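Fold and geometry: a report
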Amino acid sequence: MALPWLLALKVIPWGDVIEHAPKVLNAARKLMDRQKSPEAAPANATPMDLVADTPPSLGELRNRLIEARQLIDQQAQTQNQMAQTLAELAEQNARLVAAVELLRVRTRVLMVFIAALAIGAIVLFVR
C-alpha cells in the first residue's frame, strides 16, 4: 500500500521544487506588499449604461455610484484576502519543502546505517 506513495514521491522533481520555493515565497510577499499600497484609481471611468435615451436623474446616478463603490470595496477585499491566502500557501509550501528535504536526508542516513548493519550481520554469520 505504501508503494504507490513511494513511487509518487520519486516522480516529483524535488530539486526543482526546493529550488523554486523561495522564488514563490518572494513573489507572494511582493504581491502582499503591492496589495497593501493601493494604486490611484483611473481618472476616466466609463459610464455604466449608455443605452438609455434620457439622461438618468441625480438620485439614480447617486445610487449607481454607491453600488459601484460597494462593488469596488468588495473586489478589493476579495483580492486582499486572495493575496493573503497565496502568501500563506507559499510559506506553507516553503516549510513543507524544508521538511521533505530533512526527511530525505534522514532516509539516506538510515539507509546507510541499515546497509552497515546488514554488512555487519553478514560478517558475523560468515565467521
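See the structure printed just above.
Per-chain numbering applies: the sequence of each chain, read as written, is numbered from 1 onward. With the structure being a predicted model, the display of local features is reserved for residues of pLDDT at least 70 and the display and counting of side-chain atom pairs for 80 or more, all residues being used for whole-chain, interface and lining totals. Processing note: side-chain calculations cover all non-hydrogen atoms of the structure and skip hydrogens and water entirely.

1. Thoughts on the overall build of the protein
When you go through the protein residue by residue, the secondary structure sums to 3 helices and 0 strands. Only DSSP runs of H or I covering at least 4 residues are called helices, and only runs of E covering at least 2 are called strands; the numbering of each starts at the N terminus. The helix and strand sequence of the protein, counted from the amino end, reads α-α-α. Counting over 127 residues, the protein shows a buried share of 9%. Accessible area is worked out with a 1.4 Å probe on protein chains only. A residue is then buried under 20% of its type maximum, exposed over 50%, and partly exposed in between.

2. Let's talk about the pattern of salt bridges
A side-chain nitrogen of Lys or Arg and a carboxyl oxygen of Asp or Glu constitute a salt bridge if their distance falls within 4 Å. Taken as a whole and assessed by the stated rule, the structure comprises 2 salt bridges. In this structure, the salt-bridge partner of Arg104 is Glu101, at a minimum N-O distance of 3.2 Å. Taken together, the residues span about one helical turn, with Arg104 and Glu101 both in helix α3 (residues 58-126) at a distance of 3 residues. Residue Arg104 is classed as partly exposed on the basis of its relative accessible area of 28%.

3. As for the packing of helix α2 (residues 14-36) against α3
Only C-alpha atoms enter the line fits that serve as axes; for helices the fit covers just the stretch in contact. Angles between N-to-C directions range over 0 to 180 degrees. With their axes 9 Å apart at the nearest point, α2 and α3 run at an angle of 155° to one another. Between α2 and α3, the angle falls in the class roughly antiparallel. Crossing handedness for the pair α2 and α3: left-handed. Lys, Arg, Asp and Glu make up the charged group, whereas Ala, Val, Leu, Ile, Met, Phe, Trp, Tyr, Cys and Pro make up the nonpolar group; the residues left over, Gly among them, are polar. Grouping the constituent residues of the contact of α2 with α3 by class yields 16 nonpolar, 4 polar and 4 charged. Throughout, the term roughly parallel applies to angles under 35 degrees, roughly antiparallel to angles over 145, roughly perpendicular to angles from 65 to 115, and oblique to all others. Definitions for this section: a left-handed crossing has its near helix turned counterclockwise from the far helix by less than a right angle. A right-handed crossing has that turn clockwise.

4. Section: the environment of Trp14
In this fold, Trp14 is placed in helix α2. In this structure the C-alpha to C-alpha distance between Trp14 and Val97, which are 83 residues apart in sequence, comes to 8.1 Å.

5. Side note on the nonpolar core
Take the buried residues of types Ala, Val, Leu, Ile, Met, Phe, Trp, Tyr and Cys, join any two whose side-chain atoms come within 4.5 Å, and each joined set is a nonpolar core. One finds Leu25, Ala28, Met32, Ala83, Ala87 and Ala90 forming the largest nonpolar core, which totals 6 residues. For this core, the secondary-structure elements that each account for two or more residues are α2 and α3. Residues are treated as being in contact if the distance between any of their heavy atoms lies within 4.5 Å. Discounting chain neighbours no more than four positions away, the residues touching Leu25 are Ala90, Glu91 and Ala94.

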